[in-house]
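Structural characterization, general
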Amino acid sequence: MNKILILATMLLTSSVAVAQSQPTIGIIDLEQALFGSEAAQALEASTRSEFGNDEARLETLNTELREIIERAQRDESILSEAEMREMNSDAEEKQAQMQVIAERLQNAWQQRQQGFVERMRQSLGQAIEAVVEEGGYDVVLNAESVAYFDNAYNITALVTAKLNEMAQ
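These remarks concern the structure in this document. (Residues numbered from 1 in each chain as written. Predicted model: local features only at pLDDT ≥ 70, side-chain atom pairs only at ≥ 80, totals over all residues. Heavy atoms only, no water.)

1. Section: the overall build of the protein
Basically, it comes down to this: Put simply, DSSP H or I for four residues or longer makes a helix, DSSP E for two residues or longer makes a strand, and each gets a number counted from the N terminus. The buried label applies to any residue whose accessible area, calculated with a 1.4 Å probe on protein chains only, is under 20% of its type's maximum; exposed applies above 50%, and partly exposed to all values in between. Each accessible area is a Shrake-Rupley estimate made with a 1.4 Å probe; only the visible protein chains count as cover when residues are assessed.
Each helix and strand counted, the protein has six helices and two strands in total. Written out in order from the N terminus, the α and β elements of the protein read α-β-α-α-α-α-β-α. The buried share of the protein, reckoned over its 168 residues, is 24%. Only carbon and sulfur atoms are counted for the fraction: they give 51% of the accessible area of the protein, which is about 12,000 Å².

Rendered as C-alpha cells:
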C-alpha cells in the first residue's frame, strides 16, 4: 500500500511539475484591440461628423443614380435616343462625382487611421505589457501569424480594456 501511495504521489508531483513548465500563451489581434478602443470610436465619430456632408452627398448621388437606371430600364421602349443619351450622360456625371467624393473620404479616413496608429503605438505596447504582467503570460503571439488558436487564448479584449482604462 505504501508503494502505491508513493508512486501516486510521484506521478502527481511530476504532472504538476510538467504543468508548471508549460508556457502561458496569449494571442492578440492588434488591429482589433486598437480599433475596438474608445479612442478609436471617438476618432470614427469625429471623422463622420467632419465628413458628414460628403457622406450625405454621396448617398444622395447614389439614390439619384439608381433612379436614373431604374427609369432607363423601365422606360427604355418609350424614351427617345436623345433622352437616353441625356440620361446616360447624367448617370456618368453622377458616377464621376461619387468617385471623387468616395476617394476623398477614403483618403481622409486612411490618413486619420495612420495618425491614430502612430499616436497609439506606445499606449498599445504599454497595455500589452500590463496585460502580460497581470496575466502572467510567457508568450504573446500576433493573431495574424497564427494559423489556428482556441479563443481561450485570445487576450484582445483584455488589451482593449486596458487601453480604455489607461485613457481615463
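Let's pick the thread back up.
2. Notes on the packing of helix 4 (residues 52-74) against helix 5 (residues 81-135)
Cut-off, in case you're wondering: Inter-axis angles, ranging from 0 to 180 degrees, are taken between N-to-C directions of lines fitted to C-alpha atoms, where helices are fitted over the stretch in contact. Note that the term roughly parallel is reserved for angles under 35 degrees, roughly antiparallel for angles over 145, roughly perpendicular for angles of 65 to 115, and oblique for everything else. By convention the crossing between two helices is left-handed if the near helix lies anticlockwise of the far one by an angle smaller than a right angle, and right-handed if it lies clockwise. By definition, residues are in contact when any of their heavy atoms lie within 4.5 Å. Each residue gets one label: Ala, Val, Leu, Ile, Met, Phe, Trp, Tyr, Cys and Pro are nonpolar, Asp, Glu, Lys and Arg are charged, and the others, such as Gly, are polar.
Between helix 4 and helix 5, the shortest axis-to-axis distance is 9 Å and the interhelical angle comes to 155°. The angle between the axes of helix 4 and helix 5 places the two elements in the roughly antiparallel class. The hand of the helix 4/helix 5 crossing is left-handed. Packed against helix 4, whose contacting residues are Asp54, Glu55, Arg57, Leu58, Leu61, Asn62, Glu64, Leu65, Ile68, Arg71 and Ala72, the element helix 5 presents Met84, Met87, Asp90, Ala91, Lys94, Gln95, Gln97, Met98, Ile101, Ala102, Arg104 and Leu105 at the interface. The class makeup of the residues in the contact of helix 4 with helix 5 is 12 nonpolar, three polar and eight charged.

3. With respect to the pattern of salt bridges
We apply this condition: Put simply, a salt bridge is a Lys or Arg side-chain nitrogen that is within 4 Å of an Asp or Glu carboxyl oxygen.
Under the defined criterion, the tally for this structure stands at 12 salt bridges. Notably, a salt bridge pairs Asp75 with Arg71, separated by 3.7 Å at the nearest N-O pair. According to the relative accessible area criterion, Asp75 is buried, its value standing at 15%. Overall, Arg71 belongs to the partly exposed group, its relative accessible area being 35%. Arg85 is the salt-bridge partner of Glu81, the closest N and O atoms lying 3.2 Å from each other. One end of the pair is Glu81 and the other is Arg85, both in helix 5 and four residues apart, which spans about a single turn. Looking at Glu81, the relative accessible area reads 63%, which means it is exposed. A network of salt bridges, in which partner residues are shared, links Glu44, Arg48 and Glu55.

4. What to know about the environment of Leu79
Residue placement: Leu79 occurs in the loop between helix 4 and helix 5. Owing to a relative accessible area of 13%, Leu79 belongs among the buried residues under this scheme. Excluding residues within four positions of it along the chain, Leu79 makes contact with Arg71, Ala72, Met84 and Met87.

5. Here we look at the environment of Ala152
Turning to its location among the elements, Ala152 is positioned in the loop between strand 2 (139-142) and helix 6 (156-167). Classification of Ala152 by relative accessible area gives exposed; the value is 71%. Taking C-alpha positions, Ala152 is 9.8 Å from Ile25, a pair spaced 127 residues apart along the chain.

6. Some details on the packing of aromatic side chains
What counts is decided by this rule: Stacked, tilted and edge-to-face are the three classes assigned to paired rings of Phe, Tyr and Trp, where Trp is represented by its six-membered ring and a pair needs centres within 6.5 Å; plane angles under 30 degrees give stacked, over 60 edge-to-face, the rest tilted.
One pass over the structure, following the stated rule, counts one aromatic pair. Summarising the aromatic geometry, the rings of Phe35 and Phe116 are spaced 5.6 Å apart at their centres and angled 45° between planes, so their arrangement reads as tilted. Highlighted residues: Phe35 in helix 2 (residues 30-35) and Phe116 in helix 5, separated in sequence by 81 residues.

7. Notes on the layout of surface pockets
Where we set the bar: Space inside and on the surface of the protein is sampled on a 1 Å grid over the protein atoms alone, with a cavity defined as a set of points where a 1.4 Å probe fits but cannot get out and a pocket as an open set with protein on both sides within 12 Å along at least 5 of 7 lines; lining residues have an atom within 4 Å of a point. Grid points are joined across faces, edges and corners, and a volume is the space filled by probe spheres set on the points.
Within this model, the largest pocket holds a volume of roughly 150 Å³. For the largest pocket, the full set of lining residues is Glu44, Thr47, Arg48, Phe51, Glu55, Leu105, Gln106 and Trp109. Listing elements by their share of the lining of the largest pocket, those giving two or more residues are helix 3 (38-50) and helix 5. When its residues are assigned to classes, the lining of the largest pocket shows three nonpolar, two polar and three charged.

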